[in-house]
Structure formats: structure tokens, C-alpha cells
Amino acid sequence: MNQTDLIAVIGMGCVYPGAPDVETFWDNIVAGHDAIIDAPPDRIDPRFFAGRDGEADHLTSSRGGFVQGDALTFEPGRFGIMPVTVEGAEPDQMMALKTAAAAVDDAGGLDDVPHERIGVVLGRGGYLTPALARLDQRVRTSNQLLDTLRCLLPEVEDDRLVAVKEAFAGQLGDFRPESAIGLVPNLAASRIANRFDFGGAAYTVDAACASSLIAVDAAISDLRSERCDVVLAGGVHHCHDVTLWSVFSQLGALSTSGEIRPFSRHADGILVSEGTGMLVLERLADAVRRDHRVYATLCGSGVASDGRHSSLMSPRVDGQVLALERAYRVAGVDPATIGLIEGHGTATPAGDSAELETLRCVYGKHDPVDGPRRVLGSVKSNIGHAMPAAGAAGLIKSVLAVHHGVLPPTLHGGDPHPALADTRFRLIDQAEPWSYPPGPRRSGVNAFGFGGINAHVIVEQHGTASTPARGSRVPSATQVLPNRADDHSFRFEAILLRGRDASDLTTQLAAIAPHRQTDRAGLPTGSGPARLAIVDPNPKRLELAARVLAKGQPWRGRNDIWFEPSGLVTGGGRMAFLFPGIEPTFEADLTDVAGWFGIELAPPPDGATGIELQGRKIFEAGRLLHQALTALGIAPDDMAGHSLGEWTGAFTAELIPADKADDFLDGLRPGSLEVPGVVFAALGCGSSVAGEIIDGLDGVVVSHDNCPHQSVICGPEQSMAEAGLRLAARKVLAQELPFRSGFHTPFFEPYLDIVRHHWERMPLQAARIPLWSATTCERYPTDADAVRQLAADHLVKPVRFRELVERLYADGVRVFVQLGVGSLVAFADDTLKDRSQLSISAASSTRSGLEQLARVAAAVWVEGADVHLERLLDPVVGATMAANKVEPGYGPTVQLALGTPLVQLPGSVSLGLAAGALPAPVDPVADWGSTTSPALRAELDALLADTLDATKSITAALATSAPPTRSVGGRSAGLGSRRMDASTHTTAATEPAAGVSEEVLSIDIEAFPWLIDHCFYRQPAGWDDLSDRFPVLPMTTMVELLGQAASRLAPELAVTRIENVRAMRWLAGAPPTRAVLTARRVSTDQVDAAIDGYVRATVHLAPSPPPTPEPSARPLNNPLPSPVGPGNLYADHWMFHGPSFQGVRSIAALGDDGVDGTIESLPTPGAWLDNAGQLYGWWLMATAESDFLALPQSIDRIEFFGPQPPPGAMVATTVRIVEVQPRTVRADLELIWNGSLCVRITGWVDRRFDSDPPLWLMLRESEHHLLASPTPKGYVAVEERWSDSASRELMARRYLDSSERAVYEALNPREQRLWLLGRIAAKDAVRHVLWSEGHGPLFPIEVPLIDDGEYAVVVKGGPADGRRVSVAKAQWIGIAAVGTATIHIECIENGDRSAAWSRLDKQVGMAAPNSTIDIDVLRSPVLTRSPDTVPTVGADTEAQPAAAPTEPADPKEYLVAITQPA
Amino acid sequence: MPLPSPLDDAPLTEDRILDDVRTIIANVIGEDYVAEIEIDRDTLFYADLEIESIEFVALGEYLQDHYGDRIDFPAWIATMEVDEIIAMTIGRLVDHIVTSLP
């Protein structure tokens, strides 16, 4: 092909899995994004994955590439189409139209090309596409259904059966004859010509997987023959039909590993995908003449068939070779000049082998003389096999690769196919710059179709320069390759080691270094005080790190290495966050940070420009980074700001309430303030030199003392000109700043009232984190008026940042983190030169936000801080966070329906069958005849009897409906019960009645071993009485048991909803509990199920899951990072759950009205919904001020839209709080997997238990805490803090062992209350004494007590064995002291507890023996004591008045009596 | 780290100046760092040594202290665009000192 024959690619458009447009498609490829997911249940019904291999309706893989979400949105109005037309038409036509529009836009609109000379050629396969499949259901299946019903139910009136057929068809939507045109396959191309008024040939071609390139070949012919001036060419395929999947399943061509691995040794088949891709092609000469942008040119195309040798599964090398050779002949290009082959790469072993052999034949073997190996790849590794649209995907990838000079990576090729070595090619797993071979960049694209049709297209770089073509909107290669700021391209690559000392780290580093240069970060390994971090390790850094370690001195950040033998934070150093003020430029892009942490980035206000816009970005960055750092567990001890950065600090420290921040900024618009005629200049000298220089200059002042080598001066223009001359003479660097605000100088004085007024309107509160002022170099005052005064002073007095840094250092701050871009790190470094400290910026203008944040995390971790490094490994994004995008539109949009769900009959369909009207099922026994053994026959007889009973029972129960499948259902009900009986942990209590099942559950640790991970109470390690740990079935597990029981009654149906779940009592597994589970089928699709006395629910069933609705959770209000990460939820005992119930994997954000997070689908029964409940419970723990603990009580409705995701699946979970009451919380939850809703829970009510902070701490960490308060006088006292019996129960189990519980349970409720208070006081008195004697952690249960008379107990066993404790209790208080004293409280007044308590306390300590006390309302209290008999209440002795010569009435008795007021 | 006095007998050769600059940089960014990073004529101030604007000021002060008024580092820097400063090598500074000294 000579120059004039070259075909230019002037525009492109595409929609492929994970990529709604070309830009994203390319970004995904370069970033190595894997778009393969599990088939969403609304696209392929999960039942098709559940069958057995070899059956036609069993699909052997459930994974593929799916176009989803926004990419399915179509705006009919934009294309002049009625929305109803879209409904009836093949969705691929709309997709083609949309993609064509994008491609035409990309080509500049094509207004300068005569439209009658524009053609459209699209590859499109003749498959059962969605609209056609729906028509098939309507036309054929509905009649098939009718015939089946007639055959099975001859006695039912035909009208009723026809009504069923019509109801079936009705579920497919309205039938409109006029929409039939939308089913004609070639309309995918014709609609484009129609819409754009193109007059060239518009048609589709089908050459199986080669279709796209055959279309491109046809387009090239049309252009070269000048039949067209421009042609849109490509492919379209949106057909995830089960029939197509079934074909591949039966061929064994679907990857069972679920990963498509082109050219890998482990390739095991394709994964089916979909998509649309188009290229706008024009003769190069015309494109140049018309000044069209040229991505690249197509210089050759070749097509060949395999001839008689073609065979479906064994592609023939000869035909492929022929196609390639023809392309090179046409192009006149040496195959050796190719730098990149986009292979067909189906990842079937046969296909890959043949293709590699073809490559060897055409391009020869690798010869080192010829430079490095060329690159081979396949975009199928990213998106799967898009069939007729696959070639367009490969071609678009190649065109962009040539255009950008980037060799893109291929996924899953780690262990290449052995035949690759015989070729000239290699696979790469990271993008590389395109540097070989020399000359224009060329890429060849393969597409080989079933039936032996082969195509090859050669792409060539346009122009010689390697810079991107004019007008390119895609970033250049150098920007693309490393660290793009886009979401999801970030990988935390770091080596993080802990060790005893530097030499230990040296050993560890040497051991891992060879393997870990390019590995993704592992979480820290080792233990010990010395820490090393190397971010983005490479050989140079590893070598430098080794030298750093050899030297053993701290190393802070140069070359992305951090090393500390001990650590500043470990050594007690504090951390300060520094907020920068307005800087001349703001170039940090933090969108990736926002995306990663699921934080919404507020857009700048309308109309903001220049400095004001800059200011808003800086505030927003400070806020965002604060949240992101908090999410990483990096929390400051102090905060400070530079200039207006103090305001950011005031928001983040919540001196100004967070929700007022916008008001504040909107009202003040700091960037808009300007003092005319005033100039700022930054000087390269300290403030004292600056002071000398400006001495005597009219009006010039030092406004900022930043650090020893920088200060800022400000003054009127004329004086500043004079200052400039003096500075030059002193050889001091100076730079004028682009602000004229006059801030921090007396020039601002006249404007101060505006600011003062504004601050007065702001509600102020005490800062949550100490905030420092650079005006006073002290903490902000706590008095609101003083804060307002300081806020005003701040704007007219100099910024004393250098002194502030000194002050913070003196105060113990050793780590300074700058929250934004700016010079504060440099200021701190300069000020604290040669002193031990770390200063680091959390944002950078040269790195992406996440890359920089990773460095902060590494640096701070090295200093000894606990950092949630694992949160850098995966995004912690809430599923609903990014939802609120609104783009200008063309009226209503339509979601294209790409699925063909099975039809579900509406509940109203009825055959009107009366009880008993059903025919008896066919007797299977008769057909078995003599081959059946007597035993089996008896079994079958019994079964049949059950079946008939079941059938009758169900029929009787059906008031209105009984679909024709009823007889089947009846039989299964019987079978279900039997199967259940045989299960290991259940035994039948009674013979199952028909349509009813009853089983006895034995709840114990043998039957449910995972119960060990669902114990409410932690007890000492090795504690042998399991009942003291209280293992209980989670409510969600009980719900699952109910659902299973319902399924067994109706095995042909799937559980779609569970309603009215009510939990009544704990179902504990120790001691083992037997409980009866009953399930009763009350109608076709409803089963009432209960574990009697514990839980009940109504289970609804249907033939298949309902259509999946969109997730509907609104964005969180005021989202903030969770103060505790998912790991610590369990580690710090916020949740009591053990490993098999620990599934909360991330907490993206906590809002006022809910929480977003991710849970892992765990295999433990009920665990995944329990995990959603944990996230819900965490919301309350994190936000409530008391009564933190809440446990599930009831659920209005759980809807299932598919099966539980496979174990390990990460399920995005949103919890939205509907109502918070003193005793209950109500929430709605959504569980989203792979972007589609799998469970929706409405009205989940948790019961709240009384828990104030000390009680809560006691519940969580009881071995370390007391519930009772020790007093200085040596006794402890506990107040009753629970108002209801359920909450008391919780505490009783915390304190009492099983024998004590037996005593407790025998008492009446009033006695229980007092007895429990006494026991708690006594156990805490003992624990307190033991702790003061140096004993370690001790659980209450380790202090078993027995009574010793009315006023004392004795410890029987454990570390305190034998100790005696005096105990007294009354109404709401328990008092205990270890020792022989006797305490007796007769009465405590009601009413104000603290007053009563303080009186009681006074008496215990102060009253003289035998004296009569008359305090306030006390009438006849008596306190008698003898100091020498109560040695352990030692403090009392000293507090005792010296003169007390009265004879004690009873030397062993304290008697405290307080009477009630009359 | 003390600098050799410019008044000693050794002639101010290019190598000598390079040594001086190394010492000055050690003073600016810390001896430990310099000891582990090779500094030669091609070393970049910004990319290799990660020297920032404020450290440049300190660098200027050291140069002036050492070489006296013959070196006007601020004036020299003031003539450069930001890109030029970012691309500045140790060699370029050494050359500047060589040409500035008599």
C-alpha cells in the first residue's frame, strides 16, 4: 500500500465491559484492569450454573464480561427515537447508535464530509439476541406452556389455561406490532445510516469472531475504490444468551477456572463477553486535506479462509498464515518491523497453539541480534471474548497503543504457553514505552472466526514524531505509564519490615529483596522496634536501603526510603497536622484519594475563580486528606495552620462545626478579599534580616516569619520597590506573591469588621483536637469570645510560623504532616534543622494523591504509629458513594435491557382448582415392576403415601391458587422431610404431616462447630464451661434455617423473601438446647416457619428470583471515616465474633444516617447477613452516646435477588438508619455484589441494651476493667445501670458462672437485682485488690463466690481463693470491701442518686462509731465501727476523726442507714 | 562539616570546587544523606537530592560565606525559569562558580 492508499483512523467509539467509552477502555488496558465478573443474576439466571456437566442447560462457568450500569443508559430523545421503540427493539441497535455517535463526535462531527458518501459496516453475529429471545418466549414458549397445561390438566377449563398463557406473555411487556421492525438484525447498521443520514452502504457482516475485522476490510475496500469517503466500521455484540453460553459449555470451551488467560500455559478456555466498538476510517490524503485528527493509519488488511480443512475446534494454521501474508503483501511492510501483535488469543489451548504456530511461521523465531522480543497480547484477558465485536476491541487497542507509543500489558500470562518461546514475541504484565523496533510503530491485529475465517489488519503510526497527534485528549505515554491519578490504577508497592535492629532488618531485606522488587506491598512482617519502609522498591532503592541499614542511622524519605531504629512516635513523639494557607499554585489532584476512600469531593462553588478557587481547593484538600488519613488510622495530637490554613484546621478540629464550614467560606469568600495597592514579597531570609532590610521604609512590615530562610514582607507598592533594591544589594532572593489581601498586616484593619461579623454568626465549640494559633503560638482559647478575638487578630498580626514550629517541638511534636501542597514541610525542616523530626506532605504536585498518601503512611508507620496499611491495598469505597452524577441530557433515559430473564407468573394467576381436584400423581411404582426389591418397594409405598397426603394437604390449603406444578411440589414436600430426617444433627420428632415439616434441632457445638465463634462472652483462655461463654445462634442463622426448611417443603421454588422475622429468645448451644423447627406451607408460595419459642418468620418462594432492582440507598449524610477499622472491630472486641463470623472487610464511611462498607461472603451459615448486621451494630457503637450495644430483634422483610455470593466474594453493604428510639434502632440494608443488588433488608430492628461507657468497656474488655468504682476509702461500690431485665441479664452472664447463675435464676426478680449487685461489687472488690497487688488480667468469672452469712461472701477457688468480702446492697447499689468488716446498708433514698451516694460515702468514711448522723434528710442513721477490725479498708482509718472514744456496739459491723424522706 | 578555607594554598580547581559543593550540600541536607548518595557533576538538585526552594536559600548562604561576594547566588537563580532550576545539576553550579571566580 503506498502512502496515498493508507487509511486513516480519525475517530473511535466503544462500549466494553468496565469501559463506557474509549478513554476508559484504554485506561483500563494500560492499568491492567480485569473486567471479568460473575454473571449478574438479572443477565443469566443462577440456576443455569447449578446443574451437572453434560446437560444442555448447564453452563460450566459463571464468569464473563458484562456491560453494566451507566453504559446501558440510552437517551432516545437524542437520536429521535420514541422510548417505546427502544423497549421493543434489539438493544444492540441502540448500543451501536450510541457508539457511532461517540465515534462521529470523536472524529470532529464529520460535517465537512458529504454524508451521502459515508458508509457503515458492522460485524454482528446471528445469535439469539435479547429482543429475539423475548419474542421467542412470547410466540413459542407461551404456546408450549399452554399445550403442557392442557396435557396435564385435561379437566381444567381451557379458558383458564389460556389465561395462564396470556399472563405469561403479559409478563414480557406490551406487544406492539410496530416495534417488530426493531428485531431485524441488520438494523444495527441501518439505524446509524438513518439517524446520521449517511448515503453509503450500511450493512452488517457475520464472520463469527472475525466479523469486526472483516467489516474493517470491507470498509477499506469501499474507501480505496472510492465508493465511500468515510466508513464507520467495527462490531457489535450484546447477546449473553444462555443458548450461546450453552454452546460453549458443551464444547468445553468455557474457562472453568473463571479466568481468561490468553497465551498462558494455564489457558483453559474463553469467557464470554460483549461490547460494541467502531472506528471512523477515511483515506489518509482526505483526512490530511480536511485537517482531521489521525490516530494512526491502517496500512494493510488480509483475509483468508481455511478451505476444506476448517474444523470448529482445531483452527488451521495455513489459513491464518495466508491471511497474515496477504496483509503484509498489501501493506508492503516487512513483518519484522512489527512491534506489537494483538492476538486473537482466545485462551483455548488449541486456539492459542495454532495462533502461536502462525506467529512463528510469519514472524520467525526470536533472534537477539534483532533487538528485544516484540510484544504479544490480547485484550480478551481484560474483557473476555466479545465474539463479533472482539476484533474491534483489539483494533482500537492497537490503534491507541501505536498512537501513544505504549505497549499495553496482558493479564494472567505469568506462565506463558511453552510455544511462545519459539516465536519472536513475549507477553508483558506492565505497560512499557514502545521503543523497538526503530522506525514507525506498527501493530498487527488478528481475528480468527469459527468455521475457518481469518483476518489480519496492520496499524501504522501516523507521522514520525512520537508525540501524540494534534488534538489528542488522551494523556501522553509518559504520563500514562507511572502513577496515573485515575482511580484504580494505584498499587501500593512497598517493602515494610520490622525487626530487632538494623542488622535484623538487613537479614530480612536480603532474604526477600530478589523476589520483591516489583511485588505489590505485603503488610508489615517481623516484630521489633526497628522499622524499614521502601516505597516503589527498585534495585537502586534496595541497594541504598541496604547501605542505610548498614549505617544504622534514621533515614527519612530521601529516595522513598524510611528507616528508624526505634521511631519518633514509639519514643512518645506527638504528631501534628499542618494545614497550608493559600499558595500561588495548587496542582495536587486528589480525586483518586476521594475515590479510594469513598469520600465525596465537593465541587468548588459556582463562579469561583483565581485565588478564591484556589482557596476553596486548599480547604477541600485539607478536609479530604484529614478524612483519608483518619481512615488510615493516622490521627494527629495537635493541629496548626499557616495563615488561612488555620481556618481549615478550625473546621477539621471542629472548632467550627463541620456542617458550618461551607457557610463560613461562602459568606467570607476569603479569596475575594483584596486591599488595593498592597504588595507581598517572599524573601529568602529570616525575619530579623527582613526587619533590618525594611527598616525605615514607609509602611512595610514583616507579615510572615516562616522559617530561618524565609519571611514575607508586605507594604505599599512604592515602598516595596525600594525594598526590592535593598534586597538585591543584600543578595537576598525575593519574589512578589500574587495576593493583595493585606492579611496579617495592619493594612487589613479596615476590613476586619466584615470578618468579625462573620465569626460572630458562627456557632463555636471546643476543638476536638488541640488547635494552635500562629498568632499567639499557643493553643486556641476555649472561650468563644476569645476565639473570635483571636480570629480577628490573626488577620492583622504577623504569622509566627517559625516560632510555632519551635513551640510545637518543645511541646513534644516530632512528626509534622502537611495536609495539602505548600511549603510547610520545608519550613519545619528548615526551622528544626538537625533535630530529630519527620516532616512530610500528604499531597504532592508531582505524584498522584494515593502515591503520596502511601508515602505518608509508610513514613509514619516507620516512626512507630499504628497505620492501617492494609487499606492501601484495596479501595475502601462505598458502593453508593459515586452515584450522584448528573450530566446534561436529552430528556428521559432508558436502561437498555440486555438480559432475557425467565418469565415469572404474577401471583394473581389462578386455575381456580378446588380442593381434591388435582389428579393423583402417576404411580411410579407400577412402572418399576419386578425389578424393584421388596424393601425398596415398601419405601416407595411409604413415600407415595406421604406424597398423596402432602398433595391433598397443600391443595386444601390453597384458597385461591394452585399452578400446574403443584403435584410435583407435593411429592417433593414429602421427600424434603425425609431428607431432612436423615441429616446428622436433626431427628424427627413426629412423622411429618403433609405440607408441614417438623424437626427437632439439637443446638450444640458438635452440630454447629462454628458456634464457638459466636459466643457473647470472652472468658479466660481454656475456660472449660462453654455455657459461660454463651454460644448462641445468630438471628440470621436462624432465619437461614427457616428458609431452608421452607425450601425443603417447596424444592422446586427458590426463597425470594422472608418477612416478619421475630426473634424471641436466645437459642444457646451450651448447654445443648433442643428446639422444634416447624414449617407449614400455607399457600403455593408461602411457608410459615418457626423455631418454636425462639424465632418465627414467613418465607415466600417463587420459581426464580425476582428482577433485580437498582440499589436505592441514598448517599450518606455527612460521611466520615470510621474511627475504628474492620480489623480492630474484632481485635479490640467491639464485636464478639470469632473467625468464622468475622466478615466485615471495610468500613468506607460512617454518616449521620448510616454506614457503608464491604463484607466478605463467608461460608458459615447466616454469617454474611450477620456481618451486615455487625456493620449496622457498629454504626450505633460509633455514633451513640450511650446504649451502644444492640442486637437483632426483628426484620420486616428480607428480599433475595439471587443466591448468596460465593465464599470470598466482597459484598458492598449499605446500612441506612430509619429510626433511632431509646430502646430500638431500625434500618434498611442493601447488599450489593458486582454492582447488582443481591439482598435488600427492610425494617431491621435492633434492640438496644443499657450500656453507658464504663459498662460498655466492661462488657468488651472485662478482664481489664471494673464495673464497680473503687473509692479512696478502700471499698468499691456499683450502681445499677440497667433498667430492664434483658440488659440485666447481659450483665449477669458477664459476672456469674454457671453455678452462680443457677442460684440467681432461682430468685425472684427483686432478689435477683440485689443479689447481682452484691456479686458484682464483691467480685470487683476482689479483682481491684488483686490488681493492686500486681495480679494480671482477671475475668469476673475467675472469682467464684459462696455466701458467708448475710453480709459476706468467700472466694472459693481461683487466684483469690479464701478471701472474705464484706458485701452490702440496697435498692440500686452494691458495696463491697475485701476484709472482715461488715457493711450494712439499710435503705437508700430514691430520687437523685448522686446526692444520696455522696451522703452515703461521707458516712462510711467520716462518721464516728456509735454517733448519730443527721445529714439533711437522714433521720436515724447509725454507723458503728471499730477501726482495728477493718484493716483492708485502710483509707478509712486515716480519715477517721481522732477522738472517738465510744464503745462499739458490734466491733465487726459497719452499719449505714439512710432513710427516705418522709 | 567544616569547609576547607579558601585561603589555604590549594588552587581553586574545578575538582576542588566540586568537593566544596559536596560539603556544602552535606551541610544543607544532612551528612547522612550525602554519605549514601553519590554526588557528581550530573547529580540533579531536585530529582536526585530532593533539595527544595528553602534549602536553595541555605545553599546560597553557604556559597556566599565560603566564596564571598564574588558569588551572587540569588541573582543567578533569579535569572532562571522554574524548569531550569528543576533541571539544574551540580555541574552547572560548579561551572557557575568557576566562571564567577577570578
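Anything mentioned here points back to the structure above.
A.B. asks: Break down the overall build of chain B for me, citing the residues and quoting the values.
C.D. replies: When its secondary structure is counted, chain B shows six helices and zero strands. A total of 102 residues make up chain B; the buried ones form 45% of that total. Across chain B, the fraction of contacts at a sequence separation of at least 24, relative to all contacts at a separation of at least 6, is 61%. With an accessible surface of roughly 5,100 Å², chain B has 52% of that area assigned to carbon and sulfur atoms.

A.B. asks: Which residues make up the pairing of strand 42 (residues 1236-1248) of chain A, and what values do they have?
C.D. replies: Residues and elements named next belong to chain A. Burial analysis of strand 42 places eleven of its 13 residues in the buried class, the great majority of the element. Inspection of the sheet shows strand 39 (residues 1190-1200) paired to strand 42 by nine bridges, in the antiparallel sense. Bridge pairing in strand 42 places Pro1192 opposite Asp1246. Between strand 41 (residues 1224-1233) and strand 42, which pair antiparallel and follow one another directly, the connecting turn spans two residues, one of which, Asn1234, has a positive phi of 55°.

A.B. asks: Which residues make up the sheet that holds strand 24 (residues 701-707) of chain A, and what values do they have?
C.D. replies: All names here are of chain A. The sheet built from four strands is open, its strands ordered 24-25-23-26 with antiparallel pairing. At either end of the open sheet lies a strand with only one pairing partner, and these are strand 24 and strand 26 (734-736). On average, adjacent strands in this sheet sit at an angle of 20° to one another, irrespective of strand direction. Pairing of strand 23 (residues 678-683) with strand 26, which is carried by three bridges, proceeds in the antiparallel orientation. Across the sheet, residue Ala681 finds its bridge partner in strand 26, namely Glu736. Strands in contact with helix 22 (residues 717-729) are strand 23, strand 25 (710-716) and strand 26; relative to strand 25, the strand with the most contacts, it is inclined by about 140°.

A.B. asks: Lay out the side chain of Asp1156 of chain A in plain terms, naming residues and giving numbers.
C.D. replies: Note on placement: Asp1156 of chain A falls in strand 38 (residues 1154-1160). Within the structure, Asp1156 of chain A has its side chain in polar contact with the side chain of Arg1216 of chain A (distance 2.9 Å).

A.B. asks: Quick rundown of a nonpolar patch on the surface? Include the residues and the values.
C.D. replies: All names here are of chain A. Among the surface-exposed residues, Val247, Leu251 and Phe450 lie close enough to one another that they form a single nonpolar patch of about 220 Å² accessible area. Among the secondary structure elements, Phe450 is positioned in the loop between strand 15 (442-449) and strand 16 (453-460). Judged by relative accessible area, Phe450 falls into the partly exposed class, the value being 32%.

A.B. asks: Lay out the interface of chain B and chain A with the relevant residues and their values.
C.D. replies: Contacts between chain B and chain A engage 27 residues on the former and 21 residues on the latter. Together, the buried faces of chain B and chain A total about 2,100 Å²; carbon and sulfur atoms form 55% of this surface. For chain B, the biggest contributors to the area lost against chain A are Tyr33, Glu36 and Ile54 of chain B; these three give 35% of the whole. Summed over the shared surface of chain B and chain A, the result is one salt bridge.

A.B. asks: Residues and numbers for the pairing of strand 7 (residues 230-237) of chain A, please.
C.D. replies: The buried count for strand 7 of chain A comes to eight of eight residues, which makes it a mostly enclosed element. Neither face of strand 7 of chain A is exposed, since Val230, Leu232, Gly234 and Val236 of chain A on one face and Val231, Ala233, Gly235 and His237 of chain A on the opposite face are all buried.

A.B. asks: I'd like a rundown of helix 7 (residues 211-224) of chain A, residues and numbers included.
C.D. replies: Since the α-helix packs 3.6 residues into each turn, any two residues three or four apart lie on the same face. Residue and element names in this part refer to chain A. In this model helix 7 runs 20 Å from its N-terminal to its C-terminal C-alpha over 14 residues, within 8% of the 20 Å that 1.5 Å per residue would give. Summarising burial for helix 7: eleven of the 14 residues are buried, a large majority. Residues of helix 7 that are buried: Ser211, Ser212, Leu213, Ile214, Ala215, Val216, Ala218, Ala219, Ile220, Asp222 and Leu223. Phi for Glu226, located one or two positions after helix 7, is positive at around 60°.

A.B. asks: Would you mind going over the sheet that holds strand 7 of chain A in detail, with residue names and values included?
C.D. replies: Residues and elements named next belong to chain A. Pairing is mixed in the open sheet, where eleven strands are placed in the order 6-5-7-8-1-9-16-15-10-11-13. If you trace the sheet from one side to the other, it starts and ends with strand 6 (202-205) and strand 13 (425-426), each paired once. In this sheet, strand 13 lies alongside strand 11 (residues 374-377) in parallel orientation, the contact comprising two bridges. Within the sheet, the bridge partner assigned to Val375 lies in strand 13 and is Arg426.

A.B. asks: So what's going on with the packing of aromatic side chains? Which residues, and what values?
C.D. replies: Residues and elements named next belong to chain A. Applying the stated criterion to the full structure yields 29 aromatic pairs over all chains. Note on Phe1016 and Phe1136: the rings are 4.7 Å apart at their centroids and 65° apart in plane angle, and the pair reads as edge-to-face. Here Phe1016, found in the loop between strand 32 (996-1003) and helix 31 (1035-1049), pairs with Phe1136, found in the loop between helix 32 (1126-1131) and strand 37 (1144-1151); they are 120 residues apart in sequence, far enough to count as distant. The class of Phe1016 is buried, set by a relative accessible area of 11%. Here a set of aromatic residues connected by ring pairs shows up, and it is made of Phe1016, Tyr1017, Phe1030, Trp1066 and Phe1136.

A.B. asks: Describe unusual backbone geometry, and please don't skip the residues or the numbers.
C.D. replies: In this chain, Tyr436 of chain A is followed by Pro437 of chain A through a cis amide linkage whose omega measures -15°. With respect to the secondary-structure elements, Pro437 of chain A resides in the loop between strand 14 (432-433) and strand 15. A cis amide bond links Ala1070 of chain A to the next residue, Pro1071 of chain A, at an omega of 0°. By the element assignment, Pro1071 of chain A lies in the loop between strand 33 (1054-1063) and strand 34 (1073-1083). The backbone of Lys731 of chain A shows a phi angle near 55°, a positive value even though the residue is not glycine. Structurally, Lys731 of chain A is set in the loop between helix 22 and strand 26. Classification of Lys731 of chain A by relative accessible area gives buried; the value is 18%. We note that Glu50 of chain B has phi near 55°; this positive angle belongs to a residue other than glycine. Along the chain, Glu50 of chain B turns up in the loop between helix 2 (31-36) and helix 3 (53-67).

A.B. asks: Explain the environment of Arg63 of chain A to me, using residue names and the numbers behind them.
C.D. replies: Residue and element names in this part refer to chain A. Looking at where Arg63 falls in the secondary structure, it is placed in strand 3 (residues 63-65). Judged by relative accessible area, Arg63 falls into the partly exposed class, the value being 24%. Separated by 197 residues in the primary sequence, Arg63 and Ile260 place their C-alpha atoms 9.6 Å from one another. Arg63 has contacts with Ile36, Ile37, Asp38, Ala39, Trp245, Gly258, Leu271 and Val272, leaving out every residue within four places of it along the chain.

A.B. asks: Just give me the short version of the pattern of salt bridges, but keep the residues and values in it.
C.D. replies: Opposite charge on two side chains makes pairing possible when the charged atoms of those side chains draw close. Residues and elements named next belong to chain A. Summed over all chains, the structure comprises 75 salt bridges over all chains. One salt bridge in this structure joins Arg756 and Asp753, with 3.1 Å as the shortest N-O distance. With a gap of three residues between them, Arg756 and Asp753 both fall in helix 23 (residues 752-761), about one helical turn apart. Its relative accessible area of 30% is what places Arg756 among the partly exposed residues. Salt bridges sharing partners connect three or more residues here, namely Arg117, Asp229, Glu282, Arg283, Asp286, Arg289 and Arg290.

Each value, and the rule that gives it
- Residues numbered from 1 in each chain as written.
- Chains lettered and ligands numbered in written order.
- Predicted model: local features only at pLDDT ≥ 70, side-chain atom pairs only at ≥ 80, totals over all residues.
- Heavy atoms only, no water.
- Helix = DSSP H or I, 4+ residues; strand = E, 2+ residues; numbered from the N terminus.
- Buried < 20%, exposed > 50% of the residue type's maximum accessible area, 1.4 Å probe, protein only.
- Contact = heavy atoms within 4.5 Å.
- Areas by Shrake-Rupley, 256 points an atom, 1.4 Å probe, with all protein chains shown as cover.
- Pairing = 2+ DSSP bridges.
- Axes fitted to C-alpha atoms, helices over the stretch in contact; angles between N-to-C directions.
- Polar contact = N/O pair within 3.5 Å; in protein donor to acceptor, adjacent residues only side chain to side chain.
- Patch = residues over 30% accessible without salt bridge, like charges linked within 9 Å, V, L, I, M, F, W, Y side chains within 5 Å.
- Salt bridge = Lys/Arg side-chain N within 4 Å of Asp/Glu carboxyl O.
- Buried area = accessible area lost by both parts, 1.4 Å probe.
- Expected span 1.5 Å × (residues − 1).
- Phe/Tyr/Trp six-rings, centres within 6.5 Å; stacked < 30°, edge-to-face > 60°.

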